[in-house]
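Remarks on the overall topology
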Amino acid sequence: ALVSAKEMLTKAKAGKYAVGQFNINNMEWTKAVLLTAQEMNSPVILGVSEGAGKYMCGYKTIVGMVNGMLEELNITVPVALHLDHGSFEGAKACINAGFSSVMFDGSHYPIEENIEKTKILVNACDVLGLSLEAEVGSIGGEEDGVVGAGECADPGECKTIAELGVTMLAAGIGNIHGKYPENWAGLSFDTLDAIQKLTGDMPLVLHGGTGIPEDMIKKAISLGVAKINVNTECQLSFAAATREYVEAGKDQQGKGFDPRKLLAPGFEAIKATVKEKMELFGSVNKA
Ligand code: G3H
Ligand code: ZN
């Protein structure tokens, strides 16, 4: 059964590793992430953006698919199903649909309103034993229509939001969704360190996991990051593997046009990317 992300992230923060959140888009994506987590004996968080939620028919369809896979693929590692960058309404819808974890991204609201809305969701999640992620500052770039200016979080505001009783906190520290530009200034470790000092045991979340150099990932984990979100990197590897298959004309040989064959290279590519990230994040054999 699905679990809240609380226990896996508390363990990760204490053990100085991070659990990956991998965003899903369809059956192949979900199956690839779950099978890799099981093979790696790693806890995992399946991320669903509101856009991906609509694409997959709706939150209930996703809950049904994921629960079915947990049973029929014999997945025994801890798995959380998490709304990514949720609106207030989206968070409520996912709580009702059977998600085990939600993110409320109130970072575009004035801090008072972010606090007020986060507080309501803390209570709603507590009643059901679900985990809640809040955001302070903003993640640069764009993901599924969620656009951020990329300003670094104010550590004092992080402390205020953390004390509301959220499970995990995403703070903007110069991270960006999608590919990083050539002239990217890198992560602000001073900001991260200030945030960790004020938020104690709170597991911190690093968004925009695609393309962050390995040494920065490791340093971020050493400074309290316990959850790292990866989305674009799986899309890139899926697309590259699919393109290679099609460009090699394999879809025109034999029954290569069979969707089960056509999508297989992309499926394997997602598995390879997820495996690589789990190894880098240190979550292998931490189930
Ligand atoms: O919320 C999801 C992530 O922050 C993913 O970012 O697409 O840059 O890997 P990414
Ligand atoms: Zn994000």
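Residues numbered from 1 in each chain as written. Chains lettered and ligands numbered in written order. Predicted model: local features only at pLDDT ≥ 70, side-chain atom pairs only at ≥ 80, totals over all residues.

Labelled according to an unreviewed UniProt entry, the chain appears under the name Fructose-bisphosphate aldolase, class II, originating from Anaeromicropila populeti.

In this section: the packing of helix α6 (residues 111-128) against helix α7 (residues 155-162). Close contact between α6 and α7 brings their axes to 10 Å; oriented N to C, the two are set at 20°. As the angle between them shows, α6 and α7 are arranged roughly parallel. α7 is crossed by α6, and the crossing has right-handed handedness. Residues I111, N114, I115 and T118 of α6 pack against E157, T160 and I161 of α7. Residues of the contact of α6 with α7, tallied by class, amount to three nonpolar, three polar and one charged. (Axes fitted to C-alpha atoms, helices over the stretch in contact; angles between N-to-C directions. Helix = DSSP H or I, 4+ residues; strand = E, 2+ residues; numbered from the N terminus. Parallel < 35°, antiparallel > 145°, perpendicular 65-115°, else oblique. Left-handed = near helix turned anticlockwise from the far one by under 90°. Contact = placed C-beta atoms within 7 Å. Nonpolar A, V, L, I, M, F, W, Y, C, P; charged D, E, K, R; others polar.)

With that out of the way, let us pick up the sheet that holds strand β5 (residues 131-136). Ordered by their spatial adjacency, eight strands build a closed barrel running β1-β2-β3-β4-β5-β8-β9-β10, and the pairing between neighbours is parallel. Taken pair by pair, the neighbouring strands of this sheet meet at an average axis angle of 25°, ignoring direction. When strand β1 (residues 19-23) meets strand β10 (residues 225-230), the two strands line up parallel, connected through four bridges. For Q21, the partnering residue across the bridge sits in β10 and is N229. Here helix α5 (residues 88-97) sits on the sheet in contact with β3 (79-86) and β4 (101-104), set at roughly 160° to β3. (Pairing = 2+ DSSP bridges.)

Considering the arrangement of structural elements, one finds L130 in the loop between α6 and β5. In this structure, the C-alpha to C-alpha distance between L130 and H82, residues 48 residues apart in sequence, is 9.6 Å. Every residue in contact with L130, bar those within four places of it in the chain, is listed here: S4, I95, S100, S101, V102 and C125.

Another aspect to go through is the site of ligand 1. Of all residues adjacent to ligand 1, which total 16 residues, the nearest are H207, T210, N229, N231 and T232. Elements represented by at least two residues in the shell around ligand 1 include exactly β3, β10 and α10 (232-247). For the shell around ligand 1, the residue count by class is one nonpolar, twelve polar and three charged. (Near = placed C-beta within 6 Å.)

Glancing now at the environment of S42. Mapped onto the fold, S42 is located in the loop between α2 (27-40) and β2 (44-49). In contact with S42, not counting residues within four places along its chain, are A37, V77, M278, S283, V284, K286 and A287.

Let us now look at the UniProt feature "binding site: Zn(2+) 2" (unreviewed entry) in the chain. When the UniProt feature table is mapped onto this chain, "binding site: Zn(2+) 2" (unreviewed entry) is found at D105 and E135. Across 31 residues, the annotated set stays spatially compact, with a maximum C-alpha separation of 5.3 Å. Looking at the secondary structure, you find D105 in the loop between β4 and α6. Excluding residues that lie within four positions of it along the chain, D105 makes contacts with H85, G86, E135 and V146. (UniProt positions renumbered as here; feature names shortened; annotations may be inferred.)

What follows covers helix α4 (residues 59-72). The end-to-end C-alpha distance of α4 is 20 Å, a good match for the 20 Å that 14 residues give at a rise of 1.5 Å each. Looking at α4, one finds that the buried residues are Y59, I62 and V66. All buried residues of α4 fall inside an arc of 60° around its axis, so they share one side. Turned more than 90 degrees away from the buried face of α4 sit T61, G68, E71 and E72, all of them exposed. (Expected span 1.5 Å × (residues − 1). Buried ≥ 20, exposed ≤ 12 C-beta atoms within 10 Å, placed from the backbone. Arc of directions from axis to C-beta.)

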